[in-house]
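# An overview of the molecular structure
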Amino acid sequence: GCLLLWLLPSILRSQSSGEVRPRSTPCQQSPMKVSCKGVGLRKFPKELGQGVKYLELSNNFIQNLSGSYMPGFGQLEYLDMCFNQLEAVSATTLAQLPQLRSLLLGSNHLDRNYVDNGRAFHLLGNIEVLDLSANNLENHMAGWYISNLTRLRMLDLSGNKMTSLLAGIFWSTPQLRQLDLSNNYIIEIEEGAFEALEELEVVNLALNSLHCISGFSLTQLRVLNLSHNALELFVLEEGAEPYLLQVLDLSHNRLLYFPELPKAHYLTHLNLSNNLIASLLQGSHHPGEFVLRYKEMARFNRTLHTTAGLTHVADLDLSNNRLQLFPFTFFHSLGSLHSLSLAMNCLQDVAGELLAGSTEPSDRSPAPPGRAALSVRSLDLHGNAIHVLPRWFFDSLPQLETIDLGSNSIQPCESQGSDQGGNSGGDSHVPAPGGTCTPFYNVPRLKHLSLCKNNITRLRPYAFNQTSLLSLDLSGNKDLLVPKEALEGLEFSLQKLSLRGNQMDDSKAELPCLDTLKVLDISGNHLSLLPTGLFCSRLESLDIRNNNLLTLEKPALLSWSHSLKDVSIAGNPFSCCSLAWLDT
């Protein structure tokens, strides 16, 4: 209080004499770039100096960009005013920004005063990048804002209130290359809406309410996102010109069939996850209760040839559909397919060849012809109801490196030891038709295997012999018994092993000397001792949480003292009288 009273006379003197001390700007400034992001501005900062080309004003409280003289901004090329309260933009202001190329105005209130604002936008003759996302814009408002932007290359109209794309809405933006219309309420695209956009390469229509795409003719498009709509039909036109489409996302829709994609020869990534596709077989029928809602659906008795032109597809996602059968023949023409996901379907069986008109899973999993081989390197089949994979399944996938079979009901077969059947092709224990186990031995290129949550109760001897796995996940198999011989054959390849959450006691976890093992997870078991086979491993990461360990054995710690980088030990009843292992 005394200090304030002592300063008061000098404060009063400075006010009476008209002294005004310069206030420092909270912005970060360099000769050509100024950032005033989130500093609480309520007005456009006009005192920032000459020559600024890049100005960031996002996350403030600016309500208008209008009215007054703005010296020093004639060279401005980039202006970001996202996340403000902007509702008024004047022609007077924009006329002073002749060099402006990028204008970001997302998350404002440009639905207000849109007529005057749009008229001002007509002065943005050089603008190439425009963000009008999340401004509550309706169809006519968005159309008015872009009605004179002839040099526009990138346009973001996501998160608005558009319900349809009218013919001619993009007539004045012929150079547009990237268009984001996601997260609107679009239910209709009028014929000719995209006709003027001959340079368009990327379109995002995700999170709308589209039900049908037929007669799609944007042959120059490279990337198309139609995820999270209500699509029941997607058909490309069968014209003379090939499609340049490389990435197509149709996930989270209501598709009943594999889409018709004639002449999509350049497609590399196709996402069909989270749809209602129940069969990939030729001649599969409509569900009895389904009524043909679109005349184009009558064409869908030709499912088998839809993959004929997809020779460059490398990544295909069919997860979360309703497939009951894995038909190899359907994928034969996909010669570049490297990653395939059929996770979270209803798969019970695999079929190597298709009987004409067959729609049901076969009982005997017929073997494919000798030429039948897929180029798949990564295969995801987790979350199905598969009981057995026949030997020819792996023979038909000679490039397979990674397979996820988690959450199925698969039991690995027993193999002969390395001295007996190593070069025989591993056929001595192949399950007969109708067998109950799957042979994982002698699959030379397989490196990563997940068998988590398969209700495996016992691993058979030499189950992975002659298969040089780098990682193996056996977690979530309650009361799993792992005899010492089960993992023999992996001594000089296995680097990562998970036995997490198996509720195994000491008698059920016998491991061989895994010389190359680096990462081990045996958490969530009932172990009071560590398996002695681990003592010769040079572990780098060890998870032993939630076991019954009282101490860690000295031989193990000595062998790991120079290699172990992280260890998780919580949830064990360690004895306070035997903690010498911590010193090691």
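Residues numbered from 1 in each chain as written. Predicted model: local features only at pLDDT ≥ 70, side-chain atom pairs only at ≥ 80, totals over all residues. Heavy atoms only, no water.

As recorded by an unreviewed UniProt entry, the protein chain carries the name LRC32 protein and is attributed to Chunga burmeisteri.

## A word on the state of the cysteines
Applying the stated criterion to the full structure yields three disulfides. Paired by a disulfide, Cys27 and Cys36 hold their sulfur atoms 2.0 Å apart. Judged by the sign of its S-S torsion, about 110 degrees, the bond between Cys27 and Cys36 is right-handed. Exposure class is identical for Cys27 and Cys36. Each is buried. Across the disulfide from Cys513 sits Cys536; the S-S distance is 1.8 Å. Remark: Cys536 occurs in the loop between strand S28 (519-521) and strand S29 (541-543) and Cys513 occurs in the loop between strand S27 (496-498) and S28; sequence separation between them is 23 residues. The partly exposed category is assigned to Cys513, whose relative accessible area is 37%. (Disulfide = S-S within 2.5 Å. Buried < 20%, exposed > 50% of the residue type's maximum accessible area, 1.4 Å probe, protein only. Helix = DSSP H or I, 4+ residues; strand = E, 2+ residues; numbered from the N terminus.)

## Observations concerning the packing of aromatic side chains
All told, the structure shown has 15 aromatic pairs when counted by the stated rule. Ring centres 5.6 Å apart and planes at 90 degrees place the aromatic pair Phe326 and Phe331 in the edge-to-face group. Under the relative-accessibility criterion, Phe331 is labelled buried at 0%. For the ring pair Phe393 and Phe394, a centre distance of 5.3 Å and an interplane angle of 90 degrees mean the geometry is edge-to-face. In this pair, the class of Phe393 matches that of Phe394, namely buried. (Phe/Tyr/Trp six-rings, centres within 6.5 Å; stacked < 30°, edge-to-face > 60°.)

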